[in-house]
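Working through the structure, step by step
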Amino acid sequence: MQNRPSSLLPICLLACLTTSAAQAQTTTDAQREALVIQARQGALETSIDGLQSLYHQTRDVRVRADLVALLVRAARHQEALDVCPWCQTENYSDSELANLAGAARSAGEYDKALDMFQTLTYRNPSNAQGWLGQALVHTDMGSYTLADISLQQYNQVAGTTTAGLEAKGYLAAQTTNAMQELDARQALVAQDPSNTGELQALYRLAVGLGASSAARRIMQSNPDVFSDSDRLWLTYYEGVTDIRLGIHTDQPTRTAGGLAQLDSVLNTPNAPQELITIAEYDKVVALAELRRFSEAEALAMRLENQHGQLPSYVARARAYALNGLGRPDEAIELYENLIRQSPAQATNPDDPLNEGLFYSYTDAQRFRDADRLLAEWRASEPEQRLDFTRTVRIENPNYQKVLLLEVLLDAWRGRTDEASERLAEYQNQAPADPYLWLMKGDIERERGWPRKSEAAYQQAEQLLPPDQQTVAQHGVLLARLQRGQWQGTTDEIARTTTEARPSASRDDLAREWREQRAPQLSSTFERSKGQGSGTQASREWRYEVLLEGPRNSNGSRPFAQRIGQFGEFDDEDLYASYNIAGYEWNLHPATVTLAAGHGSQLNDDFLALAELQYAPTDHITTRLGVELNTTDTPLRALKDGINADRYRAELAYRHDERGAGAIGVMATDFDDSNLRQSIYGYWNQTLYHLDRWQVNGEVQASASRNDEVDASYFNPRRDASLAGVLTVNYETPIDYRQSFIQSISLGSGRYWQEDFDSENTWSIGYQHRWELTPTVNFEYGITRERASTTAFLNMTMLFQPALYGDSYDTLARYFNERGSAGSGQHSAGPGRSLAGRLCSDQLSRYCRLQRHPRAGYLFADYYSQPAN
């Protein structure tokens, strides 16, 4: 009996310890629960502080779990992860793993988050939260296939839930699978139409997809969800969508509609500054696309001054506008900067920057740079490339583009024969390609063959789809205008320039029509000094001023002219002047010119001119002219009271832009019974032309026979001459459509005169030509021949608005602005004096000045040879 208390002692001690532990646990739970309740009542930070102290005292797992949960709720993710740095993943409960995995994901510790979510599913494959977390983390890490697998597992476990749909939308957004994201967002809104966040997300998605009408329906159906600012942004997005679609589908009207919407946004009071800025950026693009280049450049310059460097897409639109404004050097700088920033965009198959840079180089006449660019581009482009599926090889559009640009560059550099031959090779391979026919039309128009050019454009029109035939139609009108077929053509031009959508071909057509119908003022001054007893003093000083009125719709125009002459002979001053008015009728393919006037001083008589020009083909032109009381009558003959009538006929042949010539006959009937009969011929050939250099050669021959009469003017019984002239021209570009051209000419020949020995003749000349603007040109030069020295000054001015403006030129620009003056039939026009109008009387110095190069002609001059 004495040992019983001793045997009960361990039992009592154990009972006491158990009771103490239970009492302590009960106290901890009570404190934990009180702190959790406190957090629910809003004292989150106080509750967290209390739980942290309690956990440090007790290390209780339930306290830890609550502390982690509250830290995650407070977005103190890193602190949640640091609550138990010594704990292993398996030490955590499922709720702790879920919370800590979410915290790790929010903190960017994706590997830790993935490990915890995977532990959840290892413990219980039916744990939906584990699968959902894995799907989200895999999406964050870019493991989209694993994310999709995890999401499928989640759907099998949990079915269709809001969380699952949100995860699906997130994965779709990350993989830019817009349709899948749209499906998920729509399902979320269908589950809960009052879900403001998803409504806004669906709205943004619709806007991003360009579904502006759907976005507007969402906004109209939920007016309380969206603010006035949201509505303004939607108007902006709708405008941008219209601009982009208008550009990609080549619908300028849609682009113009988008621009109007941008303007409505910009005109809204209190619009957000961010919205104003990006709307103005997009407005630059729209203005440039609509060929309103002056406005685009002004806006781009202001934005650059306000915000610094422009976004690349705005800088590209500005470069496009600068080209259209005739400022290619500035455009080149922008294109080169864009290529340095994004080298891949230089050869982008859809819209390569190299193409814009190429046209800028050629507009600036930097042909070697353009050639280098094409060589590098071609070397980087295979003939074929993979299609978007990466399984089928197709023709590389960039490679084809480079080939065509090489053809254009050959033509623009002066190698038109080579360009035509290469184009013919490509047409043999693809005879039904309409764009090759368009290019053929451009090149042939440049070469002075408007009838052939028109046929090429018409062939292209037949091959093009109906909505793309405008370019070919404009080419046909340009060709007709070039050859002088104004009747009916001008009405069509007026209609199409008014109604046609903005395009390079429309601008080319409008500019060409504006230039050709504009009034024109031209003046010429010539001073010559001869040697020898037979020198005709009446050729020592001469001026001409010609004012031409605007052409009417048929291409006809009036003109008025003033001619003055002065000469000194035997210490006596001789003067003659003429006032002339006339009219040129365009009766394509014929041109009739009639003029009448009156002389003063030595030639105080009535004078008249009639001229017929007929051009049945691109190559042949015939001319007939009659001048009663011709203004080329020598002053010494006028002093003696002798007038003269002149009759002329000429057959001219123009092979192409490199070669042209003529043969003609002329009879001059003097009042003293002298009949001067002349025959002449010449051929001018471009021997070399590359970039700025051009070398021309000309062969000239003439012969005359005169009656034996006593005359104070030079009147050989018979004479003949044969000569050749070599002229070298060098062009220095000043700016777009502005150049400085220097020419030097050397020539020699042989002159024969009856009763005198044959003599060698020679000539050397130098001249400058300034093409300052499309409306003002002038030139001057000096020529030294065997028996005379001649200096001249010519100036031409068109009366018309500035020709740069809003007109961007692409493929046809060079042909319209830097090429020939026409096919040769119509280029003489009314812009010639009575003596030089046909530009066939090679004995008239003024006529010599009408053909480029102007210096160094060596036809035997009646007034510069020894007297008989």
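In what follows, the accompanying structure is described. (Residues numbered from 1 in each chain as written. Predicted model: local features only at pLDDT ≥ 70, side-chain atom pairs only at ≥ 80, totals over all residues. Heavy atoms only, no water.)

This next bit is on the state of the cysteines. Tallied over the full model, the rule gives 1 disulfide. Here Cys84 engages in a disulfide with Cys87; their sulfurs sit 1.6 Å apart. Around the S-S axis, the bridge from Cys84 to Cys87 shows a dihedral of about 70° and counts as right-handed. The same class applies to Cys84 and to Cys87, which are both buried. (Disulfide = S-S within 2.5 Å. Buried < 20%, exposed > 50% of the residue type's maximum accessible area, 1.4 Å probe, protein only.)

This paragraph deals with the pairing of strand S15 (residues 738-753). When strand S14 (residues 718-735) meets S15, the two strands line up antiparallel, connected through 16 bridges. Paired with Tyr730 across the strands is Gln742, a residue of S15. In textbook terms, the turn of a hairpin is the stretch between consecutive antiparallel strands, and for S14 and S15 this stretch comprises 2 residues, one of which, Arg737, has a positive phi near 60°. Across 13 bridges, the pairing between S15 and strand S16 (residues 759-773) is antiparallel. (Pairing = 2+ DSSP bridges. Helix = DSSP H or I, 4+ residues; strand = E, 2+ residues; numbered from the N terminus.)

Turning to helix H3 (residues 61-73), a few remarks are in order. If you check H3, its first and last C-alpha atoms are 18 Å apart, about what 13 residues at 1.5 Å a residue would give, namely 18 Å. Within the span of H3, buried status applies to Val63, Arg64, Ala65, Asp66, Leu67, Val68, Leu70 and Leu71. The residue sitting at the N-terminus of H3 and contributing the capping side-chain oxygen is Asp60; that oxygen lies 2.8 Å from the backbone nitrogen of Arg62. After H3 finishes, the residue Ala75 shows a positive phi value of roughly 60°. (Expected span 1.5 Å × (residues − 1). Polar contact = N/O pair within 3.5 Å; in protein donor to acceptor, adjacent residues only side chain to side chain.)

This part covers the environment of Asp618. Along the chain, Asp618 turns up in the loop between strand S8 (606-614) and strand S9 (620-628). Taking relative accessible area as the criterion, Asp618 reaches 4% and is therefore assigned buried. Taking the C-alpha atoms as reference points, Asp618 and Lys452, separated by 166 residues in sequence, lie 7.9 Å from one another. A polar atom in the side chain of Asp618 sits 3.1 Å from the backbone nitrogen of Arg451. Here the side chain of Asp618 touches Lys452 through a polar contact of 3.1 Å, landing on its backbone nitrogen.

Turning our attention to the packing of aromatic side chains. With the rule as written, the count across this model stands at 18 aromatic pairs. For the pair Phe358 and Tyr359, a centre-to-centre distance of 5.3 Å together with 70° between the ring planes defines the contact as edge-to-face. The buried category is assigned to Phe358, whose relative accessible area is 0%. You can call Tyr359 buried: its relative accessible area is 5%. On the basis of an interplanar angle of 50° and a centroid distance of 4.5 Å, the ring pair of Trp693 and Tyr730 is categorised as tilted. Residue Trp693 is found in strand S13 (residues 693-705), and its partner Tyr730 is found in strand S14; the two are separated by 37 residues along the sequence. When its relative accessible area of 24% is taken as the criterion, Tyr730 is described as partly exposed. Here the aromatic residues Phe525, Trp541, Tyr543, Phe566 and Tyr575 are joined through ring pairs into a cluster of three or more. Here the basic side chain of Lys452 rests over the ring of Trp449, its NZ or CZ set 4.2 Å away from the ring centre. (Phe/Tyr/Trp six-rings, centres within 6.5 Å; stacked < 30°, edge-to-face > 60°. Lys NZ or Arg CZ within 6 Å of the ring centre and 35° of its normal.)

One way to put it is that helix H7 (residues 128-141) packs onto helix H8 (residues 144-158) with a least axis distance of 8 Å and a crossing angle of 160°. By the angle between their axes, H7 is roughly antiparallel relative to H8. The element H7 and its partner H8 pack so that their crossing is left-handed. Two secondary-structure elements touch here, H7 through Ala128, Trp131, Leu132, Gln134, Ala135, His138 and Thr139 and H8 through Tyr144, Leu146, Ala147, Ser150, Leu151, Gln153, Tyr154, Val157 and Ala158. (Axes fitted to C-alpha atoms, helices over the stretch in contact; angles between N-to-C directions. Parallel < 35°, antiparallel > 145°, perpendicular 65-115°, else oblique. Left-handed = near helix turned anticlockwise from the far one by under 90°. Contact = heavy atoms within 4.5 Å.)

Let's shift gears to unusual backbone geometry. For the bond from His588 to Pro589, the omega torsion is 5°, close enough to zero to count as cis. Within the fold, Pro589 resides in the loop between strand S6 (572-587) and strand S7 (590-601). In this structure, Gln365 takes a positive phi of about 60° despite not being glycine. Tracing the backbone shows Gln365 in the loop between helix H19 (353-363) and helix H20 (367-380). A positive phi is found at Asp691, a non-glycine position, where the angle reads about 55°. Tracing the backbone through its elements, the reader meets Asp691 in the loop between strand S12 (675-690) and S13.

Turning next to the pattern of salt bridges. Enumeration over the complete set of coordinates arrives at 51 salt bridges. Residue Arg76 pairs with Glu45 through a salt bridge whose shortest N-O separation is 2.4 Å. Residue Arg76 is located in the loop between H3 and helix H4 (77-81), and its partner Glu45 is located in helix H2 (residues 44-58); the two are separated by 31 residues in the primary sequence. The partly exposed category is assigned to Glu45, whose relative accessible area is 41%. When salt bridges with common partners are traced through the structure, they connect Glu297, Glu304, Arg318, Arg327 and Glu330 into a single cluster. (Salt bridge = Lys/Arg side-chain N within 4 Å of Asp/Glu carboxyl O.)

Turning our eyes to something else, we now look at the nonpolar core. Ranked by size, the top nonpolar core spans 36 residues in total, and within it Leu357, Phe358, Leu374, Leu405, Val407, Trp412 and Ile443 carry the most contacts. Counting residues per element, the ones that place at least two in this core are helix H17 (312-324), helix H18 (328-341), H19, H20, helix H21 (397-412), helix H22 (416-429) and helix H23 (434-446). For this core, the element with the highest residue contribution is H21, accounting for 9 residues. In terms of nonpolar packing, the next biggest core, distinct from the first, is built from 30 residues, Ala39, Leu70, Cys84 and Ala104 among them. (Core = buried A, V, L, I, M, F, W, Y, C linked by side-chain atoms within 4.5 Å.)

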